[in-house]
Amino acid sequence: MKRFTQITLTLLLAAVCSVQAFADDVEFRASAPSQVIVGKPFQLTYSINQRAKDLRAPEFADFDYLAGPYTSQSSSTSFVNGKRTSSFTLTYTYTLMATKEGSFTLAPATITSDGQQYTSNGVRITVLPADEPAQSGQSNQSGQPSQSRQTSQTNQTSSAQTSSDNIFIRTIVTKTRVHEQEALLLSYKLYFAGVDVAQFTNNTKLPEYTGFLKQEIEQGEIQTELEHYNGRNYQTAVLYRTLLYPQHSGDIKIDPASFEAVLRVQTRSQVRSIFDDFFGSYTNVTKVLTAPGATIHVDALPAGKPASFSGGVGKFTMASSISSTDLKTNEAVTIKIDIKGTGNMKLLKTPAIDWPEGFEAYDPKVTNNFKTTTSGVSGTKEIEYLAIPRASGDYVIPAIEYSYFDTQDNTYKKLSTPEYTLHISKGAGDTDATQAVVQNFVNKEDITQFGSDIRYIHINSSLSEASSFSAASPLITFGSLEYWLCYLIPFVLALVLPIIFRKQIKENADAARVRYKKANKVAQKRLKTAKKLMAENNKSAFYEEIERAALSYLSDRLAIPTADLSKDTIAGILRSKGIGDKLIAQVTDVLSTAEFARYAPSADEQMQTLYDRTTEIINTLENQKI
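What counts and what doesn't
Residues numbered from 1 in each chain as written. Predicted model: local features only at pLDDT ≥ 70, side-chain atom pairs only at ≥ 80, totals over all residues. Heavy atoms only, no water. Pairing = 2+ DSSP bridges. Helix = DSSP H or I, 4+ residues; strand = E, 2+ residues; numbered from the N terminus. Axes fitted to C-alpha atoms, helices over the stretch in contact; angles between N-to-C directions. Buried < 20%, exposed > 50% of the residue type's maximum accessible area, 1.4 Å probe, protein only. Patch = residues over 30% accessible without salt bridge, like charges linked within 9 Å, V, L, I, M, F, W, Y side chains within 5 Å. Areas by Shrake-Rupley, 256 points an atom, 1.4 Å probe, with all protein chains shown as cover. Salt bridge = Lys/Arg side-chain N within 4 Å of Asp/Glu carboxyl O. Contact = heavy atoms within 4.5 Å. Phe/Tyr/Trp six-rings, centres within 6.5 Å; stacked < 30°, edge-to-face > 60°.

**Regarding the sheet that holds strand E21 (residues 294–299)**
Pairing between the strands of a sheet comes from backbone hydrogen bonds, and it takes one of two forms, parallel or antiparallel.
For step 1, the next point in the chain: Pairing in this open sheet of three strands is mixed, and the strands run E12-E21-E18 from one edge to the other. The open sheet terminates on both sides in strands that have one partner only, identified here as strand E12 (177–179) and strand E18 (250–254). Across this sheet, the average inter-strand angle for adjacent strands is 35°, counted without regard to direction.
For step 2, the next point in the chain: Summarising the sheet, E18 and E21 pair through five bridges and their orientation is antiparallel.

**Some words on the pairing of strand E13 (residues 184–192)**
For step 1, the next point in the chain: With nine of its nine residues buried, E13 lies for the most part within the structure.
For step 2, the next point in the chain: Along E13, one buried face is formed by Leu 184, Leu 186, Tyr 188, Leu 190 and Phe 192 and the opposite face, lined by Leu 185, Ser 187, Lys 189 and Tyr 191, is buried too.
For step 3, the next point in the chain: Where E13 lies against strand E17 (residues 232–246), nine bridges are found, and the strand directions are antiparallel. By the bridge assignment, Leu 185 is partnered in E17 with Leu 243.

**Examining a nonpolar patch on the surface**
For step 1, the next point in the chain: Among the surface-exposed residues, Leu 481, Leu 485, Leu 488, Ile 489, Phe 491, Val 492, Leu 493, Leu 495, Val 496, Leu 497 and Ile 500 lie close enough to one another that they form a single nonpolar patch of about 990 Å² accessible area.
For step 2, the next point in the chain: Mapped onto the secondary structure, Val 496 falls in helix H5 (residues 481–500).

**Quick notes on unusual backbone geometry**
For step 1, the next point in the chain: The omega torsion of the bond from Gly 68 to Pro 69 falls at 5°, within 30 degrees of zero and hence cis.
For step 2, the next point in the chain: Look at Asn 230: it is not a glycine, yet its phi comes out positive at around 55°.
For step 3, the next point in the chain: Position of Asn 230 relative to the elements: it lies in the loop between strand E16 (224–229) and E17.
For step 4, the next point in the chain: With a phi close to 60°, Asn 537 is a non-glycine residue in the positive phi region.
For step 5, the next point in the chain: Checked against the element boundaries, Asn 537 lands in the loop between helix H7 (511–535) and helix H8 (539–558).

**Here's the deal with the environment of Arg 264**
For step 1, the next point in the chain: Structurally, Arg 264 can be placed in strand E19 (residues 257–267).
For step 2, the next point in the chain: Spatially, the C-alpha atom of Arg 264 lies 6.4 Å from that of Val 285, the residues being 21 residues apart in sequence.
For step 3, the next point in the chain: Once residues lying within four places of it in the same chain are set aside, the contact partners of Arg 264 are Asp 196, Ala 198, Tyr 282, Thr 283 and Asn 284.

**Things to note about the sheet that holds strand E23 (residues 326–328)**
For step 1, the next point in the chain: Here we have three strands laid out as an open sheet, ordered E23-E31-E28, and mixed in their pairing. On the outer flanks of this sheet lie E23 and strand E28 (393–397), each paired with one strand and no other. For this sheet the average axis-to-axis angle between neighbouring strands, irrespective of direction, equals 30°.
For step 2, the next point in the chain: Bridging between E28 and strand E31 (residues 420–425) involves five bridges; their strand directions are antiparallel. Residue pairing in the sheet places Gly 393 in a bridge with Ile 424 of E31.

**Thoughts on the pattern of salt bridges**
Proximity of charged atoms lets side chains of opposite charge pair with each other.
For step 1, the next point in the chain: A full pass over the atoms with the stated rule returns 15 salt bridges.
For step 2, the next point in the chain: Note that Asp 54 and Arg 56 form a salt bridge whose closest N and O atoms lie 3.6 Å from each other.
For step 3, the next point in the chain: You can call Arg 56 exposed: its relative accessible area is 51%.
For step 4, the next point in the chain: A salt bridge links Arg 170 to Glu 227, with the shortest nitrogen-to-oxygen separation between them at 4.0 Å.

**Description of the side chain of Thr 95**
For step 1, the next point in the chain: Residue position: Thr 95 is located in strand E6 (residues 83–98).
For step 2, the next point in the chain: What makes Thr 95 buried here is its relative accessible area of 16%.
For step 3, the next point in the chain: Every residue in contact with Thr 95, bar those within four places of it in the chain, is listed here: Pro 41, Phe 42, Gln 43, Asp 64, Tyr 65, Leu 66 and Ala 67.

**Let's talk about the packing of aromatic side chains**
Given two aromatic rings, their pairing is described by the distance between the two centres and the angle made by the two planes.
For step 1, the next point in the chain: Summed over all chains, the structure comprises 20 aromatic pairs.
For step 2, the next point in the chain: Each ring, one from Phe 168 and one from Tyr 191, has its centre 5.2 Å from the other, and the planes form 5°; the classification is stacked. Of this pair, Phe 168 sits in strand E11 (residues 167–173) while Tyr 191 sits in strand E13, placing them 23 residues apart in sequence.
For step 3, the next point in the chain: Look at Phe 405 and Tyr 412: their rings are 5.3 Å apart centre to centre, the planes differ by 70°, and that puts the pair in the edge-to-face class.
For step 4, the next point in the chain: We classify Tyr 412 as buried; its relative accessible area is 18%.

Right, dumping it as structure tokens:
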């Protein structure tokens, strides 16, 4: 009896599980176009993958009910590797028509299958206004056209179908007035109506976007959707999108772009058979579509930049953490900083920590986790600082400040980390003498091999034999000509040599002039290295070398200390020396592009193009009197 009860319970449990599995596999969905036009019919379908009945559709209050539901069903069976697979679909189709424009939501429907009731998803539909009536052209008053007239009519039909009213491309920018380094989205959008676009060719010509840094957005598969524009409904598709970051103030022009498309155009030629008259004939027409240019008004960042501002533009937050505040000497301490937000993330500088004396600091580790979207580059910049205290005591790690320009509030904002107080106790084997030495170290090489600096001098007894060397036979006799020449020649050389080499000595004394003369030579050497890296397709090292070549040249040629190197400083000094704004913009653009490509693996800047631009700018500046 007990055995029978167990078997019964097992079968009931299996039945419940199978029913539940069946219920989980049932799919009941509603589908309709996301966009429709007033006065044009469309279809709403409900489909379920099981046999069902008693469909209860919602009320179509905002639409005219034209017909339905029409029921259809399909089934299929397949055998793969001896395994049988079958499918079944039951479909209900309604024909509706929108009566007014707007956005509407159709409530879910219900249906019953095997005693269970299922609910579909709701459907949201956007209704666009109908096309405005076009102006009627002149009617053809003549009778049957001749063959020449018919050929002319064919050309006119083809031309009309491919006119700029039926197919064109718009250049769309999200903003026409921005600040420096503020991102804007540029899109090229295709509009077509009454035209069959067969394909796009590869003959696309995009402008150089001079004055901007470009971050292309992955396009994926091109999708079309309806849009009501200038009184007419068009099928639209976004062909290309990119983020642009302006690098200088003023009006920056974006040149027109061109796209080439192959259109399938219906022609009405002379009828040769009933099939020609019924089906018509088609021809492929290649059409070049030009997207107009645009002008972006770029405002300079306002005055009053904080000392901790390094070019960040957007909206950011900053958080920090420390591994421990109680340590022993020679134990590592780690400080982590996370800068999050949206903006010119790939150009954000890494802030520095002012470590106390007695800490051995290492280069920070930077991890970028960025994502490019239509709203800009967003993500997190993770910075990890590591240092090793070499002396005991209490130390204060000052707060780290980072400032940026907020594009929403149009003001500078300052972010700051907490101030950390570290208590460092003596570690094993630590001595006061070692601490005293470490506290005065300059770099890592200065604190190696303390105990082996001094070597004892061993006196060789054989040296005493040198006393037998007689002093009674000198090589040069006192008062002789050789004796006086030994004094006179060095004296004369000391007087003559400074006169002979006074120009070179004067130039060498002027360190800035030495750097000025060697600027081009150093730059050419770096460009040669960059060309070698380009041949090896070492992109990261190439962009770094190009940036160093340009910066070192400008630093040496303009006598700018390395610590003060920035695009604003370079532009200001060039402008004060009479260099034109066009050349200054090119210099700034090359520096920004190299920096951007260096930290942006997805940047599409061609290495050869950047190399040629950098070489050209250096050669141009070399010919300028600055």
